[in-house]
Amino acid sequence: MFFDVFVVEDSKPILRNIIRQLKEIDNRIRIVGTAYNGEEALDKLHSLHADILITDIKMPKMDGLELIKRIKEKNQLVKFLIISGYDEFEYARQAMKLQVNDYILKPVDYQELKKIIKNIIGQIEISRRMHIENILELLIKNKSQKIESIDTGIISFNFFVVAVIRYSLSKKNSIKIDKSYINDFIRQHKFKDMIW
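Cut-offs and rules
- Residues numbered from 1 in each chain as written.
- Predicted model: local features only at pLDDT ≥ 70, side-chain atom pairs only at ≥ 80, totals over all residues.
- Heavy atoms only, no water.
- Core = buried A, V, L, I, M, F, W, Y, C linked by side-chain atoms within 4.5 Å.
- Buried < 20%, exposed > 50% of the residue type's maximum accessible area, 1.4 Å probe, protein only.
- Helix = DSSP H or I, 4+ residues; strand = E, 2+ residues; numbered from the N terminus.
- Contact = heavy atoms within 4.5 Å.
- Salt bridge = Lys/Arg side-chain N within 4 Å of Asp/Glu carboxyl O.

Quick look at the nonpolar core
Generally speaking, soluble globular proteins have nonpolar side chains that are buried together.
So, step 1. The biggest cluster of nonpolar side chains holds 23 residues, and the ones touching the most others in it are Phe6, Val8, Leu53, Leu67, Ile71 and Ile82.
So, step 2. Mapped onto this core, the elements with two or more residues apiece are strand S1 (3-8), helix H2 (38-44), helix H3 (64-74), strand S4 (79-84) and helix H4 (89-97).
So, step 3. The dominant element in this core, judged by the number of residues it contributes, is H3, at four residues.
So, step 4. If sequence neighbours within four positions are ignored, valine 8 has contacts with Ala35, Asn37, Gly38, Ala41, Leu53, Ile54, Thr55, Asp56, Met59 and Leu67.
So, step 5. Ranked by size, the runner-up nonpolar core spans 21 residues in total, among them Val5, Leu81, Leu113 and Ile116.

Rendered as structure tokens:
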């Protein structure tokens, strides 16, 4: 399971430092893109997926707060971390209004960044687990028409097996599991070598 991070910072040395620190924090972090201002970031993010967006506030062309606002209009799942050289209440107030996950001051302290990133990754992991459980519950209840539009590429076979066992053993779910239906689902969703 990877976590895609996009970093927006108008200072090249600071950008390089942030990327270096992120790579040291967790080997599941993938830097999917960088930009030197909000306008460039918004343009690149049309074709990229990001779980976490790290941005400076004061940048040319479009500031970080406006960038966050624009991204939130299209994608509520992205987590946001502001890195700023400005310890001003107004910036913090606007960040809170935008429901930014955290706010860190420059120069970036590695331990503080690590703590914040680990916390954000934890939130993403919980969100992904809930999403997967919803998919698997639909599958096990044989409601395939509701599954067709869901991206199931994130389901690992082990997670799938645990969910099947858990639901089949649950007293509140008196579900008869249709093995042929589940086998068809496994074949269709990249578990071809794992047929029951």
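Overview of the pattern of salt bridges
So, step 1. Counted by the stated rule, this structure contains ten salt bridges.
So, step 2. For arginine 28, the salt bridge identified is with aspartate 26, shortest N-O distance 2.9 Å.
So, step 3. A relative accessible area of 26% places arginine 28 in the partly exposed class.
So, step 4. A salt bridge links glutamate 40 to lysine 44, with the nearest nitrogen and oxygen atoms 3.2 Å apart. Remark: lysine 44 and glutamate 40 occur in helix H2; sequence separation between them is four residues, near one turn of the helix.
So, step 5. The class of glutamate 40 is partly exposed, set by a relative accessible area of 26%.

On their own, these measurements won't tell you what the molecule is for.
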